Amino acid sequence: MTPSQAWTCPACSARVGPRERFCEVCGTDQPALCATTSSLPDRTLWRCHACGAGPGAVDELGYCGECGMMQPQPRDHAELDLISVVGVTDRGQVHESNEDAMALARSLSGDGSWAAIVADGVSSSQHAEVASQVAVDAAREVIAPALDDPEAGLGSAAESALTAASRAVDAVDWDRQRRDLGAPACTFALAAWRRPGPLVVVSVGDARCYWLGDDGRDLCLTTDESWAAEQLAVGADRDTVESDPRSHAVTGWLGRDAPAVFRAAREIDQITGGGLVVVCSDGLWNGVGAPADLRARVTIGGDLM
């Protein structure tokens, strides 16, 4: 969805903006919202963060026409809130642009069904931030309708969403003459839940899905495809592996030069009760350690399932 598009309120048929949680006419909660980090406000409507000029002073390239200052990029920091499913992403202090992207969806029926998608651009590839964005956008377009279709297998829909994401990344234009960077690439993780079925997850690379249960059970629901994971699987010392400069080298990703990208979706049936599903890139889980340590970085505020 682009910033110029709008939903129609299911209660009164009034037009509702893509970032609005409630209808301005009748006040009805808008459960059908889908959101991505590409559907952020148009920066030409901003005031300059340096001199305060505007709105209208900032051009399409992000420069202020009054003082010439470059504005923060829309994806430097973003927060998406669909009430029961929320997301946040931040550029951090390492990369010049935010290579992570996220997308969220809730069911049209308002029954609480949801989907969350995260992609992390591979830094050694061209246009990593574009690869991650098109991946989550394409996946959301496939998984969102399945939340309201009881005839559609959610696992199959998750696998189709992954295929769509892979094709979208493959289609990103790139300079084949460059030898220092590969084709656009990203890692990927998706979690979806449709009432009353099981949680479904699928991932490629080292993006992860976690379950933090209200009963104290904390689980990592996905398996990394990385050099580190391969070393740990054959019994290597964890401290040695994690301190190695190759520890974050992925062995699975989406992109033209990727290995086979199909991954079977996993239906999680060993979790019960309330809790929190966390879908994230290594920007969150790196340095956390065990799944239980993730609790220190998130707040559990009620049942999501």
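Residues numbered from 1 in each chain as written. Predicted model: local features only at pLDDT ≥ 70, side-chain atom pairs only at ≥ 80, totals over all residues. Heavy atoms only, no water.

**Some thoughts on the confidence of the model for the protein**
- Considering every residue of the protein, the mean pLDDT works out to 82; 82% of them sit at 70 or more.
- Long-range and interchain partners of residues 1–6, a stretch whose pLDDT sits below 50, account for 11 contacts in this model, where long-range means more than four residues apart.
- Confidence over residues 300–305 falls short of pLDDT 50; this stretch has 19 contacts with residues more than four positions distant or in other chains. (pLDDT = per-residue confidence, 0-100. Contact = heavy atoms within 4.5 Å.)

**Let's talk about the environment of Cys 209**
- Position of Cys 209 relative to the elements: it lies in strand β10 (residues 208–213).
- Judged by relative accessible area, Cys 209 falls into the buried class, the value being 0%.
- The sequence separation of Cys 209 and Ala 189 amounts to 20 residues, and the corresponding C-alpha distance is 6.9 Å.
- Not counting the four nearest positions on each side in its chain, Cys 209 is found in contact with Ala 189, Leu 190, Ala 191, Val 201, Leu 219, Cys 220, Leu 221, Thr 222, Val 278 and Val 279. (Helix = DSSP H or I, 4+ residues; strand = E, 2+ residues; numbered from the N terminus. Buried < 20%, exposed > 50% of the residue type's maximum accessible area, 1.4 Å probe, protein only.)

**Structural notes on the sheet that holds strand β14 (residues 275–280)**
- Strand order in this open sheet of three strands is β11-β10-β14, and the pairing throughout is antiparallel. The sheet is open, and its two borders are formed by β11 (218–220) and β14, each paired with just one other strand. Across this sheet, the average inter-strand angle for adjacent strands is 15 degrees, counted without regard to direction.
- Here β10 pairs with β14 via six bridges, running antiparallel. Residue Tyr 210 lies in a different strand from β14, and its bridge partner there is Val 278. (Pairing = 2+ DSSP bridges. Axes fitted to C-alpha atoms, helices over the stretch in contact; angles between N-to-C directions.)

**Considerations on unusual backbone geometry**
- Going from Arg 195 to Pro 196, the amide bond is cis rather than trans, its omega being 5 degrees.
- In the Ramachandran plot, His 127 falls in the positive-phi region, its phi being about 50 degrees despite a non-glycine side chain.
- Looking at the secondary structure, you find His 127 in the loop between β7 (114–121) and α1 (128–146).

**Focus on α1**
- For α1, spanning 19 residues, the distance from its first C-alpha to its last is 28 Å, which sits close to the expected 27 Å at 1.5 Å a residue.
- At Arg 140, α1 shows its largest kink, close to 30 degrees. (Expected span 1.5 Å × (residues − 1). Bend = angle between axes of the 7 residues up to and from the residue.)

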